[in-house]
Every structure is written in structure tokens, then in C-alpha cells.
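Overview (structure and organization)
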Amino acid sequence: MSEPEMKATRQAYGEALTELARERDDIIAVTADLAESLRMLDIRDEYPDRYIDVGVAESNMVGVSAGLSMMGYVPVAATFAVFMTRAYDHIRMQICQNNLHAVLVGSHGGVSNALDGGSANALEDIAYMRALPNMTIVYPSDANEAGQAMRAAVDAEGPVYLRLYREPTPVFTDPDKPFEIGKAHVVRAGTDVSLVATGPQVAFSLEAAEALEADGVSAEVVAVPTIQPLDVETITKSAAKTKRVVTAEDHSVNGGLGSAVAEALAEKQPTSMRRVAVRQFGESGPYYDLIKKLKIDSTAIVAAAKELL
Amino acid sequence: MNNQELAEKAKELRRLAIDACFAAQSGHPGSALSTMDVLVSLYYGGHLKHDPKNPTDEKRDYFVLSNGHACPGWYSVLADRGYFPVAELQNLRQLDAGVQGHPHRGSLPGVEVSSGSLGQGLSVGIGLAFGLKLKKMPNTVFVMMSDGEQEEGSTWEAVMYAPKRKLDNLIAIIDKNQMQIDGWTKEVMPGLDPIADKYRAFNWDVQEIDGHNLGEIDSAIEQAKKADKPSVIISQTVRGQGVSFMENSEHWHAGAIKDDEYEQAKKDLA
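Residues numbered from 1 in each chain as written. Chains lettered and ligands numbered in written order. Predicted model: local features only at pLDDT ≥ 70, side-chain atom pairs only at ≥ 80, totals over all residues. Heavy atoms only, no water.

Some words on the overall build of chain A
When you go through chain A residue by residue, the secondary structure sums to 12 helices and 14 strands. Relative to a compact globule of 309 residues, whose C-alpha radius of gyration would be 19 Å, chain A shows 19 Å and is just as compact. Projected onto the principal axes, the alpha-carbon positions of chain A cover approximately 60 × 40 × 40 Å. By residue count, 64% of the 309 residues in chain A fall in the buried class. Long-range contacts, defined here as pairs at least 24 residues apart, represent 80% of the contacts in chain A between residues at least 6 apart. Carbon and sulfur atoms make up 47% of the accessible area of chain A, which amounts to about 11500 Å² in all. For chain A, the separation between the mean place of its 28 positive charges and that of its 43 negative charges on side chains is 6 Å. (Helix = DSSP H or I, 4+ residues; strand = E, 2+ residues; numbered from the N terminus. Rg over C-alpha atoms; globule rule 2.2 N^0.38 Å. Buried < 20%, exposed > 50% of the residue type's maximum accessible area, 1.4 Å probe, protein only. Contact = heavy atoms within 4.5 Å. Areas by Shrake-Rupley, 256 points an atom, 1.4 Å probe, with all protein chains shown as cover. Lys, Arg positive; Asp, Glu negative; His and termini not counted. Charge placed at Lys NZ, Arg CZ, Asp CG, Glu CD.)

Put into C-alpha cells, the structure is as follows:
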């Protein structure tokens, strides 16, 4: 089997953004001094009138986006996930309370900005966004899905938070399979344990499922590219079948996918669970070393599944 | 309306704002009163293009009350202009009322931007002004802010950005009533002044006026519309203007108006 293509979701986002700007004239790109990192140089050069760089000023980025949305544009406001949350007050009142359609893009999610260390690791953004009424949260599994998710986010209604990754990750989803916000998918069927994952942890869960199979354990993998609204039906169905759930994400253990799934299952389908997630601040290090140390890699997912068996 | 008629209208609407705050036994009368003359100039003096019968008219100018706590004054203006019934003001801060404690987009005709958390309105106004420019529309965006609000860092993110895009369709008005919750602004934050020099340094068109002088307000807005860059009008006002015991009082940022105080306020505004 050939090695899969490696591509960062932020790259796919930047490409989709430029394509969308070519297709429709209501897209306005907004950033806070991170055009290169967010792969927004093409749209900057091609559509300077519809490109806004507010400088290092995330609150203003979100406020300006709210005004643009009120004028009928679709603002796509992008910065690092770790900086997006400093504009939380503006997101809360101007985007979510006003219930405006805007796409807020948080890149370099989780510890994917690994070498930059703890200050640059975004481990709380999903928790912040989940607390907001009206907010949709999308976290694609790979670059294919990121391009599709970007289109879906622009076509959606209301506020959308799109979480992206800095690190290139394996491309494994089918580009021809339609992407629908709010849907989770069983990407590998199994009977003994459900690995419910979001973002790059979907690929790690598929790796973990292979390893578990070698040990005679049949793992089902459920990809959750929309964290809010959560596809409770697909997740409870899998939990009812396997009776064991491991969640996996590159985010704090508090308030992310694991919390969302635990809350849903506690109400609908109480199930034994383990949550693979980060339980401390991040730190500097090569990406694969860091996720191993923080126990959010495929080895950690296998270990969590075995605890339940 | 001439200036005398505008002054009478301002007095009448101050009464409405006090009535609303008295009914609510809550709210922020201090700023509702200090902002009133500028609001009357905008909504009755012909400066703000608007149509109460068609609040989303494409030709309308935009008004953002960034210091949302001043809303009992603004609501009184909107009601009197016919955006909604004046009787609705008596429901201020009540459950299911359109007249929310702070402005909430969509809760009332004419209220387009939520506010209450300070330091956000100017950014939204920039987005509106930018969108109007893109659409090649001539409408003007007015953003009212408080002086205490100038202490928010996010205000200065917006102040710094607006001249970059030469948003000459953006007019900010600072209601400099010199007081904030914890007391006199010059004591809470001595570094705030001189505000005018700060805006000049950020390349804004700057005017300083007496915010209770309708003639000065009128000419300042006319002048601001002619500027070839974003404009700010620093409107020197008195917190609680028109009500004797509220004027310059450290106690009247917010609070419940007692019966005898209400009688006094009505006398003062008669």
C-alpha cells in the first residue's frame, strides 16, 4: 500500500477560500496579520478589495466581520485558534447574540503549532465555542474534508467556527462523498469498542483500530467533523452496539468532543467511556513527540480502548 | 425643526427616558440624559437618513449605540419617531419586552447592533462602513461611544484601523460625560485625556463641541460629513443633564429612581 498524501487542512482551506471568492462576490477575507500562515496570500493578491488585514487586532477583526455580515457579505475571519478566543467577547455578542452569518477560522488548532510551545497550543477553543448559542463548530478530519467543510460553512446560516490544523496529516476521506454539517460517520465498522474522534484523531483512531484488530479487538471508528450540533443519533447508535466508547481529540479534556459525547451519552445511552484528550498546557517539541507525550496519539487511543475491555 | 424646537423635543424625550427608568426601577439614566441632545439632532435635525416606516430602507444611515447602557434615551427617540409604540417604553427591562436592558439586534425595529459590552461598536461600524464602500453606497455610519469606553483596548484597535481604508463615511461621537461607574473619568483614568490629540495622532478628523448646544452639534455633524477621513466628534456633556440631582452625580450611572426623585425629575424637565 502506498503512503497516503500528507496535506494540512489550513492549506485546503486557503485554496477553497480563493476558489469561493472567484465564484461569488460576497466573500470577504479578514485576517489579523496571519495571511501567509492561513494560506490567504492568493485571495489577497487576486481580490485586494475583498481582503482585509486589520493587523494584530483580533477583536477588531471579529467586530468588522460582524458589520460586513450585516451588510450582506460573508466574512471569513481567520487567525490562529489560540488567538481567536481573545476576541471571545466580540464573538459572543456581535456574532452569536446578533446571530450573524460569519465563518470564524481558527487554525493551528490543538498542539499542531507544536514547536511554538504552550502559548501557541490552542487547547480550549472548542470549549469556548460550545458555550455559545447559535454557534456551529466544524473540525475536519483531513484536507479533503477541510475544503468541503469550508464550502459548507460559507453556505450555512449563522455563526460557524472552522477549526484547522497546521501539521500536514494523511488524506484519507473520499473527496466525492458529500460533506454535510451536523453529520458524524462510521468510517470503520466494529463491534467491541467505538472510537469517536474529531480532526486528525480520526486518522489516529483508524491506526488504533488496525492495532486493536491485530489483538483480536473489533473497533468501530466514528468520525465527528461537526462538534456542534453533535450528531447524537450516530454516536448513540454506535455506543449501543459496542457498549464502550473512547473519544479522541487534540483539545483539552474539559469542554471538547469528549465532554460533548459524555453529556449526550449520559442522557441517551449511558456507556463506559474513556476520553483521550489533553490534560495540561502544551509545550514545545516535534509534533509526533509531543502528541505521544500528551497521550493523544494512536498508542494512547489503543491503551484507552483496552482499559474498557 | 429649529434649535429651540429641538431643545423642546430633547426635554420631552428626557422625560420619556426618566419615565421608562422609573417604571423599570432600574437602568442607566445618567447616559440616557447626557446623549439626548446629540440623538435629537441626529433623528430630528435631519442628519440621520432614516424611515421609521421602513427601518431597513436601503438608503438609511446606520446608527450604532456602542455605549448600550444609554439605551433608555435612544429607545425614547425611536419610540417617539414611530419605530414602535411609546407605551412599549414602560416595559423597559421586563420579560419578553423588545426594550431590553441593553440593545439587542432584532428585538426592536431600528436596533441593528447588540451592545452593552463596551468597546465593540466602533469595529462593527467599520464593517458597516466598509461594506457600504464596497457597494458604492453613500450612506453614513454613526457610532456613539462613551468616554469610559475609550479605556477598552479594543476601541483603539478600531481607531487605528479605520483610517487605513479611508472610511470617510464613518462618524464616531464620543459622549464625554466625564463620569464612569467608579467615579470621575479623570480620576479613574487620568491618561484618557487629551482624547482629541489621541484621535488626531491616529489620523482622524477631530472636533470638540458642547454636546448640549444644538447649534454646535449641527455644524459639527455637517463638518464631519465633509471630511475625507473618519471623523470623531468629542461631545462634552453632563451626566444626568437636565435632572438636578443626577447632574454630575457619581451615583447616577445606574440605579432605581425613588418616588420623590421622580417628582423632582419631572419638575426639572417640565
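Alright, that's what it looks like, and here's the rest.
Overview of helix 9 (residues 214-226) of chain B
Residue and element names in this part refer to chain B. The first and last C-alpha atoms of helix 9 sit 19 Å apart over 13 residues, in line with the 18 Å expected at 1.5 Å per residue. Buried within helix 9 we find L214, I217, A220, I221 and A224. Seen from one end, helix 9 has its buried residues packed into an arc of 125 degrees, which puts them on one side. Buried residues belonging to helix 9 abut helix 1 (3-24), helix 3 (36-44), strand 2 (141-146), strand 3 (170-176), strand 6 (205-210) and strand 7 (231-236). (Expected span 1.5 Å × (residues − 1). Arc of directions from axis to C-beta.)

So, the packing of helix 9 (residues 232-242) of chain A against helix 10 (residues 257-268) of chain A
Residues and elements named next belong to chain A. Relative to each other, helix 9 and helix 10 sit at 70 degrees, their axes nearing to 10 Å. When the interaxial angle is binned, helix 9 and helix 10 end up roughly perpendicular. The handedness of the crossing between helix 9 and helix 10 comes out as right-handed. On helix 10, the residues touching V232, I235, T236 and A239 of helix 9 are V261, A264, L265 and K268. Looking at the contact of helix 9 with helix 10, its residues break down into 6 nonpolar, 1 polar and 1 charged. (Axes fitted to C-alpha atoms, helices over the stretch in contact; angles between N-to-C directions. Parallel < 35°, antiparallel > 145°, perpendicular 65-115°, else oblique. Left-handed = near helix turned anticlockwise from the far one by under 90°. Nonpolar A, V, L, I, M, F, W, Y, C, P; charged D, E, K, R; others polar.)

Focus on the side chain of D250 of chain A
Residue and element names in this part refer to chain A. With respect to the helices and strands, D250 occurs in strand 13 (residues 244-252). Despite its burial, D250 pairs with no opposite charge; the closest candidate is R163, at 5.4 Å N-O. Polar contacts involving the side chain of D250 include one to the main-chain amide nitrogen of V111, which spans 2.9 Å. A distance of 2.5 Å separates the side chain of D250 from the side chain of Y165, its partner in a polar contact. (Salt bridge = Lys/Arg side-chain N within 4 Å of Asp/Glu carboxyl O. Polar contact = N/O pair within 3.5 Å; in protein donor to acceptor, adjacent residues only side chain to side chain.)

Examining the side chain of R130 of chain A
Residues and elements named next belong to chain A. Of note, R130 is situated in helix 6 (residues 125-130). For R130, a relative accessible area of 19% puts it in the buried group. Apart from residues no more than four positions distant in its own chain, R130 is found in contact with I137, I227, Q228, G255, G256, S259, A260 and E263.

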